Amino acid sequence: GGLDGALFVVWMVTGERDEAGYTTAMEAADHQMAAFEKMITAYPERIGLARSADEAEALVAAGRHFAVAGMVNAYQLGPDLSALDTWYERGLRNITLTHVGHNQFADSSRPGRGLPPEEHGGLSDLGRELIARMNRLGVIVDVSQVTAKVVMEVTENSTAPVIASHSGVKAIVDSPRNLTDEEMIAIKDTGGLVGI
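In this text the structure is predicted, and so the values were computed from the model without any measurement. Along each chain, numbering runs from 1 in the same order as the chain's sequence is written. Whole-chain, interface and lining totals are the exception, using all residues; otherwise, since this is a predicted model, local features are given only for residues with pLDDT of at least 70 and side-chain atom pairs are given and counted only at 80 or more. Side-chain metrics rest on all non-hydrogen atoms present in the structure, leaving aside hydrogens and water.

1. Looking at the environment of Asp142
Only DSSP runs of H or I reaching four residues or more are called helices, and only runs of E reaching two or more are called strands; each is numbered from the N terminus. The topology assignment puts Asp142 in strand S5 (residues 140–142). Given a relative accessible area of 0%, Asp142 falls into the buried group. As a C-alpha pair, Asp142 and Ser165 span 23 residues in sequence and 6.4 Å in three-dimensional space. If we ignore the near neighbours within four places in the chain, the residues touching Asp142 are Asn94, Ile95, Thr96, Leu97, Ile163, Ala164, Ser165 and His166. Pairs of N or O atoms are called polar contacts if they sit within 3.5 Å, as long as, within protein, a hydrogen donor faces a hydrogen acceptor (for residues adjacent in sequence, only side-chain-to-side-chain pairs). A polar contact is formed between the side chain of Asp142 and the side chain of Ser165, at a distance of 2.4 Å. Exposure classes here rest on a 1.4 Å probe applied to the protein chains alone. A residue is buried below 20% of its type maximum, exposed above 50%, and partly exposed in between. Throughout, a contact is declared for two residues whenever any of their heavy atoms are within 4.5 Å.

2. A closer look at the packing of aromatic side chains
Aromatic ring pairs are reported here in terms of the distance separating the ring centres and the angle at which the planes meet. For Phe, Tyr and Trp, where Trp contributes only its six-membered ring, two rings pair if their centres lie within 6.5 Å, and the inter-plane angle classes them as stacked under 30 degrees, edge-to-face over 60, or tilted in between. By the definition in use, this model includes two aromatic pairs. Pairing Phe8 with Phe36 gives two aromatic rings, centres 5.6 Å apart and planes at 40 degrees, and the pair type is tilted. Of this pair, Phe8 sits in strand S1 (residues 5–11) while Phe36 sits in helix H1 (residues 19–42), placing them 28 residues apart in sequence. Phe8 sits in the partly exposed class, given a relative accessible area of 31%. With relative accessibility at 9%, the residue Phe36 sits in the buried group. Measuring from ring centre to ring centre gives 5.2 Å for Tyr22 and Tyr75, while their planes differ by 45 degrees; the resulting arrangement is tilted.

3. Focus: the pattern of salt bridges
Should a side-chain nitrogen of Lys or Arg be within 4 Å of a carboxyl oxygen of Asp or Glu, the pair is scored as a salt bridge. Applying the stated rule across the entire model yields nine salt bridges. Arg128 is the partner of Glu153 in a salt bridge, and the nearest nitrogen-oxygen pair spans 2.4 Å. Within this pair, whereas Glu153 is found in helix H5 (residues 148–157), its partner Arg128 is found in helix H4 (residues 125–137), the two being separated by 25 residues in sequence. Here Arg128 falls in the partly exposed class, since its relative accessible area comes to 33%. Close ionic contact of Asp189 with Lys188 constitutes a salt bridge, the shortest N to O distance being 3.1 Å. The exposed category is assigned to Asp189, whose relative accessible area is 56%. Within the structure, one salt-bridge network assembled from shared partners comprises Asp30, Glu37 and Arg90.

Here is the structure:
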């Protein structure tokens, strides 16, 4: 397709917020990440893991594709943020905070059937801790699929550029997961970007 590289994500459905739910989700996420790592290992002449922009540019200059590791839905991290350090060491550089369903970190723009539109009123206290830790490590905060309140809170609190990797424009398509002009400007003002 003419692309130099791509973001490859591990993805989980939000489940029960208990030890069993987090363990099951983390095992599934680990399995997905292992498949991604196997691809990188199997085709070293064609693709490599980019842990930084410099590494992505070096891979392209060498005639290879780059792969960035990401996560859609931070749910599987559980309530203990130390797991993030391990994922960072494996190459994780992007996290979309939620998917369908609120999680322990933030409200989803699509809460799911039978759930209230908000649980935390934006980010939870743990969500604010997650943003700070992601900023310290150098993991990109991705606000696709969160509520407008979460977008605004993240853009106000993040010390690094914020992105919405896969969103749309609410003025064109009035979907709960699409972004208002105000949200897009707030993302831009962090130095970030919106992937339409």
